[in-house]
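An overview of the molecular structure
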Amino acid sequence: MDLNQQRLEFYQRDGLTFDVIDSGPLVGKPFVLLHGFPETNKSWKESSELLNAQGYRTYAVNQRGYSLGAQPKERAAYRSSYLVEDINALLDIIQQPVYLVGHDWGAVVAWEVAQRYPDKIQHLVTISVPHKAAFMRSMLSSNQLLKSYYIGLFQLPKIPELLFKQFSKIGESLLKNTGMTEQQLQDFRQDIVKENRISSAINWYRALPYSSHKNLIKPVKVPTLFIWGKYDTAIGKRSVELNHHYVNAPYKEIIMDATHWIPVQNAKELTRHILETI
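I will try to describe carefully the structure that is included in this document.

Reading guide: rules and limits
Residues numbered from 1 in each chain as written. Predicted model: local features only at pLDDT ≥ 70, side-chain atom pairs only at ≥ 80, totals over all residues. Heavy atoms only, no water. Buried < 20%, exposed > 50% of the residue type's maximum accessible area, 1.4 Å probe, protein only. Helix = DSSP H or I, 4+ residues; strand = E, 2+ residues; numbered from the N terminus. Pairing = 2+ DSSP bridges. Contact = heavy atoms within 4.5 Å. Core = buried A, V, L, I, M, F, W, Y, C linked by side-chain atoms within 4.5 Å. Expected span 1.5 Å × (residues − 1). Polar contact = N/O pair within 3.5 Å; in protein donor to acceptor, adjacent residues only side chain to side chain.

Here we look at the pairing of strand β5 (residues 98–103)
With six of its six residues buried, β5 lies for the most part within the structure. Alternating residues of β5 divide into V98, L100 and G102 and Y99, V101 and H103, and every residue in both groups is buried. The pairing of strand β3 (residues 30–34) with β5 spans four bridges and is classified as parallel. Bridging from a neighbouring strand, F31 pairs with Y99 of β5.

Section: the environment of H35
Tracing the sequence through the fold places H35 in the loop between β3 and α1 (45–53). Between the C-alpha atom of H35 and that of V109, which follows or precedes it by 74 residues, the distance is 9.8 Å. The residues contacting H35, other than those within four sequence positions of it, are T40, N41, S43, W44, V61, N62, Q63, Y66, H103, W105 and G106.

Remarks on the nonpolar core
Ranked by size, the top nonpolar core spans 61 residues in total, and within it V32, L100 and L124 carry the most contacts. With eight residues, helix α3 (residues 105–116) is the largest single contributor of residues to this core. The contact partners of L124, leaving out residues within four places of it in the chain, are L100, A110, W111, A114, V220, V222, P223, T224 and L225. With 18 residues, the next largest nonpolar core counts Y99, I254, M256 and L270 among its residues.

Re helix α2 (residues 80–94)
The terminal C-alpha atoms of α2, which comprises 15 residues, lie 22 Å apart, in line with the 21 Å expected from a rise of 1.5 Å per residue. Regarding α2, the residues found buried are S80, L83, V84, D86, I87, N88, A89, L90, L91 and I94. Just past α2, the residue Q95 takes up positive phi, approximately 65 degrees.

Describing the side chain of D22
Here D22 lies in strand β2 (residues 16–23). Judged by its relative accessible area of 11%, D22 falls in the buried class. Side-chain polar atoms of D22 contact the side chain of R7, separated by 3.0 Å. Looking at D22, its side chain comes within polar contact range of the main-chain nitrogen of L8, at 2.7 Å. With near-sequence residues (within four places) excluded, D22 lies in contact with Q6, R7, L8, R57, T58 and Y59.

The structure is reproduced here in structure tokens:
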């Protein structure tokens, strides 16, 4: 497939079909945009439009569990190595180094893609979630373990789904407390709950026991921009302070006056920082 001649609406790997929002000039330098939980590739709409206006082409991917054609039932099917290879398959299609941008869980995947396939990354941009080793170390020296209580909750069978379906006021209050706007909550109800993405999205957490930590402390060796919001309720400052230890390349860190939801709530400022850095 010659991507300079046509749009990419979807791609396939291992029997799964992944949706892509492909926009901007066909010959523009490529950005690959990875969403987090509990959002879809629509969360990149404004950022994509801003990047497209500057001549860049953007590929916003609905990742495993979020693409309706890529929802395996087993929680082990959401282990990190599979998530990484899903994105690597897209990089193989693009066939040139990309600007890889990830938010929340998308950042986790982006860090690991950069670890494994540095030659395919022009520049790494991770938002809200630092390198996994920095995050794990912060649990030993800060209140990060308390902030991450929901990871334990999401290991339980059926209970998280009940919170977001039958007891939606309780589940949505947890999201609202992180700084989500009413419009984001409406998008969550429609895109995640009503369109039956909630179980497969939570399976990213349930698959944590199946994910390998063999490369946990392996540093990233590509230029990296890390952006964090100082009002982030999920990720504490300590892991941000530790993050630079795991990048053996030019590294820039920006702390924004923002919540966890930077791509949606701060798209203009986010895009400006990206364009000033790459």
